[in-house]
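Overview (structure and organization)
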Amino acid sequence: SWYQRLLICAHLCKTVSNLFKIMPINVAIVEDEKRILECLKILLDGTNIVKVTGAFQSGAKAIEAIADNPPDVVIVDLGLPDISGVKVIERIKMFLPEVDILVFTQFDDDGHLFPALKAGAVGYLLKDTSPADIVKAIEDVYKGHAPMTGRIARRVLEEFNNIPKQKMSNDT
């Protein structure tokens, strides 16, 4: 009957929903400061939302390992000792364009911000971001959003607003 089909459908929907809630977001972390790397691992592994699949203090090692075991999201510090974080982003996006990259850095200047976004980062957090906001940003990136620390988002908008009006009117 119609009612039985509805009950079966509701049960299946609930089952599928529960399956998706159980499946964590696989995340790799690229951070050269050991203390910060360990704190991020503890924070993220302490949630039922995220599973840390790799933690690297070297950009080169991260690139190699991520190629072999691609996560859903990669958190990248821009100030790495062996290779710049921007280069890490470029190389990962070159062979794994479907992987989302979230920058987690101390740098809030244009010389780091815009190259990272142009390289393929879809989010940009400063290291003073709260633990809860870091987890939320990973969820947001996974859902297709572009989380940014407030002052970073403001800087991006200011840059966009500085595009000469003449150029914008020619494009329309």
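These figures come from a predicted structure and were not determined experimentally. Going along each chain's sequence as written, the residues are numbered from 1 onward. Owing to the predicted nature of the model, reporting of local features is limited to residues with pLDDT of at least 70; listing and counting of side-chain atom pairs is limited to 80 or more, with chain, interface and lining totals taken over all residues. Hydrogens and water are ignored here; the side-chain numbers use all heavy atoms of the structure.

1. Overview of the overall build of the chain
Labels follow the DSSP assignment, with helices taken as runs of H or I lasting at least four residues and strands as runs of E lasting at least two, numbered in each case from the N terminus. Each helix and strand in the chain was counted, giving eight helices and five strands. In sequence order, the chain lays out its α and β elements as α-β-α-β-α-β-α-β-α-β-α-α-α. Each residue is placed in one exposure class: buried if its accessible area under a 1.4 Å probe, protein chains only, is under 20% of its type's maximum, exposed if it is over 50%, and partly exposed if it falls in between. The buried share of the chain, taken over its 172 residues, is 37%. Any two residues whose heavy atoms approach within 4.5 Å are treated as being in contact. Counting contacts in the chain only where the partners sit at least 6 residues apart, residues at least 24 apart contribute 65% of the total. Carbon and sulfur atoms make up 58% of the accessible area of the chain, which amounts to about 10300 Å² in all. Where accessible areas are quoted, they stem from the Shrake-Rupley method and a 1.4 Å probe; at the residue level, only the protein chains shown are allowed to cover.

2. A look at the environment of Glu-90
With respect to the secondary-structure elements, Glu-90 resides in helix H4 (residues 85-95). When its relative accessible area of 34% is taken as the criterion, Glu-90 is described as partly exposed. Note: C-alpha distance between Glu-90 and Leu-117 (27 residues apart in sequence) is 10.0 Å.

3. Quick look at the sheet that holds strand E4 (residues 100-105)
Two strands pair under a simple rule: DSSP has to find at least two bridges between them. One open sheet accounts for five strands, arranged E2-E1-E3-E4-E5; its pairing is parallel. In this open sheet, the two strands that pair with only one neighbour each are strand E2 (50-56) and strand E5 (123-126). Recorded for the sheet is a direction-independent mean angle of 20° between the axes of neighbouring strands. Simply put, an axis is a line fit to the C-alpha atoms, just over the touching stretch for a helix, and the angle between two N-to-C directions goes from 0 to 180 degrees.

4. Digging into the nonpolar core
Grouping buried Ala, Val, Leu, Ile, Met, Phe, Trp, Tyr and Cys residues that are joined through side-chain atoms within 4.5 Å yields what is termed a nonpolar core. Val-30, Ile-66, Val-74, Ile-89, Ile-92 and Tyr-124 are the most contacted members of the largest nonpolar core, which totals 27 residues. Put simply, the parts of the chain that give this core at least two residues each are strand E1 (25-30), helix H3 (59-68), strand E3 (73-76), H4, E4, helix H5 (110-119) and E5. If we ignore the near neighbours within four places in the chain, the residues touching Ile-66 are Ala-28, Val-30, Phe-56, Pro-71, Val-74, Ile-92 and Leu-96. By size, the runner-up hydrophobic cluster in this structure holds 19 residues, among which are Leu-37, Leu-44, Ile-134 and Val-135.

5. As for the confidence of the model for the chain
A residue's pLDDT is simply how confident the predictor is in it, with values from 0 to 100. The predicted model of the chain averages 87 in pLDDT, with 81% of residues at 70 or higher. The secondary-structure element of the chain with the lowest mean pLDDT is helix H1 (residues 2-22), recorded at 49, while E3 shows the highest, at 98. The low-confidence segment residues 13-18, where pLDDT is below 50, has zero contacts with residues more than four positions distant or belonging to other chains.

6. A closer look at the pairing of E2
For E1 and E2, the ladder comprises six bridges, and the chain directions are parallel. By the bridge assignment for E2, Ala-28 is matched with Gly-54. Look down the strands so they point away from you; if going from the first strand over the helix to the second traces a clockwise path, that crossover is right-handed. Taking the sense of rotation as the criterion, the β-α-β connection linking E1, helix H2 (residues 34-45) and E2 turns out right-handed.

7. Observations concerning the packing of H3 against H4
Any two packed helices are characterised by the angle at which their axes cross and by the distance between the axes. In the contact formed by H3 and H4, the axes pass within 10 Å of each other and the chain directions differ by 15°. Considered as vectors, H3 and H4 are oriented roughly parallel to each other. With respect to the hand of their crossing, H3 and H4 are arranged in right-handed fashion. For the pair H3 and H4, the contacting residues are Gly-59, Ile-63, Ile-66 and Ala-67 in the first and Val-88, Arg-91, Ile-92 and Phe-95 in the second. Orientation labels follow simple angle bins: below 35 degrees gives roughly parallel, above 145 gives roughly antiparallel, 65 to 115 gives roughly perpendicular, and whatever is left gives oblique. Should the near helix be turned counterclockwise from the far one by less than a right angle, the crossing is left-handed, whereas a clockwise turn marks it as right-handed.

8. A look at the side chain of Ser-58
The topology assignment puts Ser-58 in the loop between E2 and H3. Here a polar contact is taken to be a pair of N or O atoms separated by no more than 3.5 Å, where protein atoms must pair a possible hydrogen donor with a possible acceptor and residues adjacent in sequence count only if both atoms sit in side chains. One polar contact links the side chain of Ser-58 to the main-chain amide nitrogen of Lys-61, over a distance of 3.2 Å. Sequence-distant contacts of Ser-58, that is, excluding residues within four places in its chain, are made with Val-30 and Asp-82.

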